[in-house]
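# A structural walkthrough
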Amino acid sequence: MVKFLVDHKTFLNGLNAVASALPPKTSLPSLSNILLETDGDQLRLAATDLDTTVVTLIPATISSQGAVALPGKKLLEIVRELSGSDVSISTTGSRTSISCEKSSFTLPCSSRDSYPSLPSSVSDSDKIGLPLNLVNKAIKKTAYAVAGASEIRASLTGLFWKLNSESLEMVATDGHRLAKVKMSEITGDSEIEAILAPKALNLLLKLSSEQPVFISSQGTQISFHVDDTSIYSRMIEGPYPPYEKVIPQGNNDILKVNREDIFSALKRMRIIANPATHQIMFTVEHNRVILQAENTDAGEAREDVEATYDKDPLQIAFNGNLIMDILRNMNSENVLFHLHDSSTAVIITEEIQEEGTDYLTLVMPVRLPDTV
Amino acid sequence: MEPDRRILHVDMDAYFASVELLGREELHGKPVIIGGDPGFRSVVTSCTYEARKFGVHAGMPMTRAMSLVPHAVILSGSFARYRTYSHRILKVFLTFTPKVHATSIDEAFLDLTGTSGGIIDRALEIQKAVYDATSLWCTVGCGPNRLLAKMASNFYKPRGAGLLMPDDILVFPVGAIWGVGASTAEKLGMFGIDTIEKLKNLPRGTLRSILGSHGEEIYRYARGIDDRPVKFFGHKTPPKSMGHEHTFSRDVARPDEYMPALAMVCQKTGCRAREGGWQGSVVTLKYRLRNMKRITRRKILASATDQDQTILAAAEAMARQYIDEPVRLIGVSISQFVPSKTAQLSFFPEKTVELNRVADTVRNRYGDKAMVSGRALEYIQGRH
């Protein structure tokens, strides 16, 4: 029998941190639970989908030591709605009661044995400390480009992470677009190269702290530690595709355009574009780019966007959504399209890079019918 | 009055008969009927206007036509020639607009919206251009949409050109509307509705209760409303799905038993997709159990494909996950197509593209089974 008292707000924050690791649907019922386990004068909360595990420690007043697994979503829902300062939890047999002020709930629960064992904790000497806000910035600039879960090549569903004494490089690609960021302000004494599951990194994005994030890798597992919260993630099996080779070197025709102008024009073109291909044609001419979309069932759309360009005119078509994803994750007022021809990948960069950040994105065009 | 949209419907005059008459001056002015031997229950394919005067029309039994015009000249058709001329005519249309939609061998819609000049002048130009290229006459109906253009070509036939606007058709009989056939006209006739004007005065609900869901369309047509676009020439509507299946001579449950057949149906599906110029992004595995129950499983791919190997990888993963009892049939299909000629290019293209291109060439010359993947080898060796 386990019994403890915990501050409402602390408890809710802890649950929020771990609940994102709950699998959306699972064939193993125990994985929809959150584990609550006492540890001295602290309470350990944990959730896992077996690939990614989040564990956090919060202070609690323990009356009786032990552990219990409770239905995760229900527990979070209840605690979110409670009003009061202290939440008391006690388990008798297979029932757990949760009470706060005048409210009380009873939930079915399972024993500790029914829950998977947690990854063993990492000794501090094996951890590398990195600035959390910068790591999160790198994640935000790349994570959108990973392939969806339906991708057959598993390595593309993850983010490539390369940390060494010079920089942290993160790369994501789904084969059609690629985002790569290199941050020279983040360095590590020991090198870590790994393909990371986006789920673990999205969990990391939710954590905010003045403290650094400590990182360590053991075998096929990588872990991130921020304050009292730890994220353990299984690395995705490589090798990661040779991304450096696909970045073209001869793209010397630069189109400079206001980021918001082109973004909002693309948004308008998208209304008409073919809903299966999202194809938008770019006609690049002297100091302007003409965007065009057409769909025999929906009609046609066209917009002239002011730009800076003094090279040969070029026609090139893209999936508009891929370009919009890229522009959405940039900050600079103007963006540069580095062009070559209508079937070569286009490099898109920010006109003014943030200091210490080397950010490059790449997108493959859509084949034009008359180029075959 | 010039319509906003300028839609033309070009209908060749007595097309088959006119093609047959080309170069046969002696038949001009005579009733000529194109059709098969009257002894073999054949019907009239086409006939000249001279024969039509006697009441002959396409679709009529030849024996009946013969009794109406005993002195008519009977010719059997040469379809290849009709097609050749049809291509020639299409080329003429394409010099006026890229939006040409041929609805059959002898008629097409043209969208001239945005062009200058009077619409009738344009129609006459097209008529002349077709005549110059083929010595064949056509009628060009003009309207603000496909419905009225088609009604106009019917109205101004033969060798005519003219425009119909919504108000012009009010005096027409209901049967002149596209989609109002004999049975619909009869139903409307029972309510005393014989002209489009009377039809237009019917409330929407009444029309729907007389004609069902078809009434909704007729309600719009009676007002001369029709939004259907004229698509660009060469526009292909993607197929819903394409696939193949295989029935086993005895029920099988193990992967080593069903994989050769699955590999073969994936190969056939990939070949068809490449031939049609489509790439699909959903792979569906279907199988039938002993009790005839049909089960389908779908997998959405990260990007559209026309490669056998990619289709097989998805199908195999589903088969291994779901098939756990004997099956009598296995099949695969792909759907959600995009045209491959405008495919999204990739940094890491599928490695099998070149391989399949070569294999297709071999198969086109020596047959489906001339070159197969190792996984389908057992299938062609006839062990299944």
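Residue numbers restart at each chain and count upward from 1, following the sequence in its written direction. Think of it this way: whatever chain is written first is A, whatever ligand is written first is 1, and the rest follow in order. Totals for whole chains, interfaces and linings use all residues, but because this is a predicted model, local features are given only for residues with pLDDT of at least 70 and pairs of side-chain atoms are given and counted only at 80 or more. Side-chain numbers here rest on the full set of heavy atoms in the structure, without hydrogens or water.

## Focus on the overall build of chain B
Helix numbering and strand numbering both begin at the N terminus, where a helix is a DSSP run of H or I of at least 4 residues and a strand a DSSP run of E of at least 2. Per the secondary structure count, chain B includes 14 helices and 12 strands. Relative accessibility thresholds used throughout: buried, under 20% of the residue-type maximum; exposed, over 50%; partly exposed, between the two (1.4 Å probe, protein chains only). For chain B, the proportion of its 384 residues judged to be buried stands at 46%. Any two residues whose heavy atoms approach within 4.5 Å are treated as being in contact. A sequence separation of at least 24 residues applies to 66% of the contacts in chain B between residues at least 6 apart. Using a 1.4 Å probe, the Shrake-Rupley method yields the accessible areas, and only the shown protein chains count as cover for residues. For chain B, the exposed area adds up to about 19100 Å²; of that, 53% sits on carbon and sulfur atoms.

## Quick notes on the overall build of chain A
The number of helices and strands found in chain A is 7 helices and 25 strands. For chain A, the proportion of its 372 residues judged to be buried stands at 53%. The contacts of chain A with a sequence gap of at least 6 include a subset with a gap of at least 24, amounting to 65%. When the accessible surface of chain A is summed, it comes to about 17000 Å², and 46% of that surface belongs to carbon and sulfur atoms.

## As for the packing of helix α9 (residues 204-211) of chain B against helix α10 (residues 214-222) of chain B
Residues and elements named next belong to chain B. Lines fitted to C-alpha atoms define the axes here, with helix axes fitted over just the stretch in contact, and angles between the N-to-C directions of these axes take values from 0 to 180 degrees. Two numbers describe how α9 lies on α10: the axes approach to 7 Å, and their chain directions differ by 135°. By the angle between their axes, α9 is oblique relative to α10. Read as a crossing pair, α9 and α10 show a hand that is right-handed. On the side of α9, the interface is formed by Arg-204, Leu-207, Arg-208 and Leu-211, while α10 contributes His-214, Gly-215, Glu-216, Ile-218 and Tyr-219. Split by residue class, the contact of α9 with α10 holds 4 nonpolar, 2 polar and 3 charged. In what follows, roughly perpendicular refers to angles from 65 to 115 degrees, roughly parallel to angles under 35, roughly antiparallel to angles over 145, and oblique to any angle outside these ranges. For a crossing to be left-handed, the near helix must be turned anticlockwise from the far one by less than a right angle; the clockwise case is right-handed. Note that Gly is not counted as nonpolar here; it falls among the polar residues with everything else outside the nonpolar set of Ala, Val, Leu, Ile, Met, Phe, Trp, Tyr, Cys and Pro and the charged set of Asp, Glu, Lys and Arg.

## Here's the deal with the pairing of strand β20 (residues 288-295) of chain A
Residue and element names in this part refer to chain A. With 5 bridges joining them, strand β19 (residues 279-285) and β20 adopt antiparallel strand pairing. What sits directly across from Phe-282, in β20, is Leu-291. Strands are treated as partners if at least two bridges between them are detected by DSSP. Linking β19 back to β20 in an antiparallel pair, the connection comprises 2 residues, with Asn-287 at a positive phi of about 55°. As paired elements, β20 and strand β21 (residues 299-306) share 8 bridges and run antiparallel to each other.

## Comments concerning the confidence of the model for chain B
Every residue carries a pLDDT, the predictor's confidence in it, which falls somewhere between 0 and 100. Predicted confidence across chain B gives a mean pLDDT of 88, with 98% of residues reaching 70 or more. Two summary scores accompany this predicted model of the complex, namely pTM at 0.67 and ipTM at 0.77.

## Observations concerning the nonpolar core
Throughout this description, the term nonpolar core refers to a set of buried Ala, Val, Leu, Ile, Met, Phe, Trp, Tyr and Cys residues connected via side-chain atoms within 4.5 Å. Grouped together as the largest cluster of nonpolar side chains are 110 residues, with contacts concentrated most on Phe-11, Leu-36 and Trp-161 of chain A. Ignoring any residue separated from it by four or fewer positions in sequence, one finds Trp-161 of chain A in contact with Leu-130, Val-135, Leu-168, Glu-169, Met-170, Ile-192, Glu-193, Ala-194, Leu-196, Ile-215 and Phe-224 of chain A.

## Some words on the sheet that holds strand β15 (residues 213-218) of chain A
Residues and elements named next belong to chain A. As summarised here, the arrangement of the 8 strands in space is β6-β2-β3-β4-β17-β16-β15-β10, forming an open sheet in which the pairing is antiparallel. Every other strand in the sheet has two partners, leaving β6 (67-71) and β10 (128-130) as the edge strands with one partner each. Ignoring which end each strand starts from, the neighbouring axes of this sheet average 20° apart.

## Let's talk about the interface of chain B and chain A
Counting residues at the interface gives 21 residues for chain B, matched by 31 residues for chain A. With both chains or domains summed, chain B and chain A bury close to 2200 Å², and 64% of this area falls on carbon and sulfur atoms. Should a side-chain nitrogen of Lys or Arg be within 4 Å of a carboxyl oxygen of Asp or Glu, the pair is scored as a salt bridge. On the surface where chain B and chain A come into contact, there are 1 salt bridge. Where Glu-300 of chain A meets Lys-99 of chain B, a salt bridge forms, and the shortest distance between an N and an O atom there is 3.1 Å. Think of a polar contact as two N or O atoms within 3.5 Å of one another; within protein, one of them needs to be a possible hydrogen donor and the other a possible acceptor, and neighboring residues in sequence only count if both atoms come from side chains. Run the count over chain B and chain A and you get 9 residue pairs in polar contact (both at pLDDT 80 or more). Counting residues per element, the side of chain B that touches chain A draws most heavily on strand β11 (residues 294-305) of chain B, at 4 residues. Classifying every residue of the side of chain B that touches chain A by side-chain character gives 11 nonpolar, 7 polar and 3 charged. Summed over both partners, the accessible area lost on bringing two parts together, with a 1.4 Å probe, is the buried area.

## A few points about the sheet that holds strand β6 (residues 107-111) of chain B
All names here are of chain B. Spatial strand order, β5-β6-β1-β7-β8: 5 strands in an open sheet with mixed pairing. Unpaired on one side and paired on the other, β5 (100-104) and β8 (161-163) mark the two borders of the sheet. Within this sheet the neighbouring strands show an average axis-to-axis angle of 20°, counted without direction. Two elements, strand β1 (residues 7-12) and β6, share 5 bridges in a ladder whose sense is antiparallel. Bridged to Leu-8 within β6 is Leu-110. In the packing of helix α4 (residues 79-94) onto the sheet, contacts are made with β1, β5 and β6, and the angle to β5 comes to roughly 155°. Across the sheet, helix α5 (residues 119-134) lies against β1, β6, β7 (138-143) and β8, angled at about 155° from β7, the strand it touches most.

## A closer look at the packing of helix α6 (residues 259-272) of chain A against helix α7 (residues 320-328) of chain A
Helix packing geometry: the angle between the two helix axes and the distance between the axes. Residues and elements named next belong to chain A. Axis separation between α6 and α7 bottoms out at 10 Å; the angle between their running directions is 150°. The orientation of α6 relative to α7 falls into the category roughly antiparallel. Crossing geometry of α6 relative to α7 is assigned as left-handed. Two secondary-structure elements touch here, α6 through Arg-259, Ile-262, Phe-263, Leu-266, Lys-267 and Arg-270 and α7 through Asn-321, Ile-323, Met-324, Leu-327 and Arg-328.

## Comments concerning the environment of Leu-285 of chain B
Residue and element names in this part refer to chain B. Among the secondary structure elements, Leu-285 is positioned in strand β10 (residues 278-289). Overall, the relative accessible area of 0% leaves Leu-285 in the buried class. When near neighbours in sequence (up to four residues on either side) are disregarded, Leu-285 contacts Leu-262, Ile-295, Thr-296, Arg-297, Ala-315, Met-318, Ala-319, Ile-330 and Gly-331.

## Side note on the pattern of salt bridges
Considering all chains together, one arrives at 43 salt bridges over all chains under this definition. A salt bridge links Arg-294 of chain B to Glu-245 of chain B; its shortest N-O distance comes to 3.1 Å. Of this pair, Arg-294 of chain B sits in strand β11 while Glu-245 of chain B sits in strand β9 (residues 241-252); the two residues are 49 residues apart in sequence, bridging distant segments of the chain. We classify Arg-294 of chain B as partly exposed; its relative accessible area is 38%. A residue is classified by how much of its surface remains accessible, and Glu-245 of chain B, at 40% relative accessible area, is partly exposed. Connected via shared salt-bridge partners are Glu-37, Asp-39, Arg-44 and Arg-112 of chain A.

## Looking at helix α2 (residues 72-81) of chain A
Residues and elements named next belong to chain A. The complete set of buried residues in α2 reads Gly-72, Leu-75, Leu-76, Ile-78 and Val-79. One side of α2 holds all its buried residues, which, seen down the axis, span an arc of 165°. Pointing more than 90 degrees away from the buried face of α2 are the exposed residues Lys-73 and Glu-81. Contact partners of the buried residues in α2: α1 (8-19), β2 (33-39), β6, β8 (95-100) and β9 (103-108). By construction, the arc corresponds to the directions joining the helix axis to the C-beta atoms.

## Examining the packing of aromatic side chains
All names here are of chain A. Working definition: rings of Phe, Tyr and Trp (its six-membered ring) pair if their centres are within 6.5 Å, and the pair is stacked with planes under 30 degrees apart, edge-to-face with planes over 60 apart, and tilted otherwise. Considering all chains together, one arrives at 15 aromatic pairs over all chains under this definition. Centre to centre, the rings of Phe-160 and Tyr-240 are 4.9 Å apart; their planes meet at 15°, and the pair counts as stacked. One end of the pair, Phe-160, is in strand β11 (residues 159-163); the other, Tyr-240, is in the loop between β17 (229-234) and α5 (243-246), with 80 residues separating them in the sequence. Here Phe-160 matches Tyr-240 in class, with each residue buried.

## A look at the side chain of His-9 of chain B
All names here are of chain B. Turning to its location among the elements, His-9 is positioned in strand β1. Within the structure, the side chain of His-9 is placed 2.7 Å from the side chain of Glu-107, a separation counted as a polar contact. Excluding residues within four positions of it along the chain, His-9 makes contact with Glu-107, Ala-108, Phe-109, Thr-139, Val-140, Gly-141, Ala-149, Lys-150 and Ser-153.

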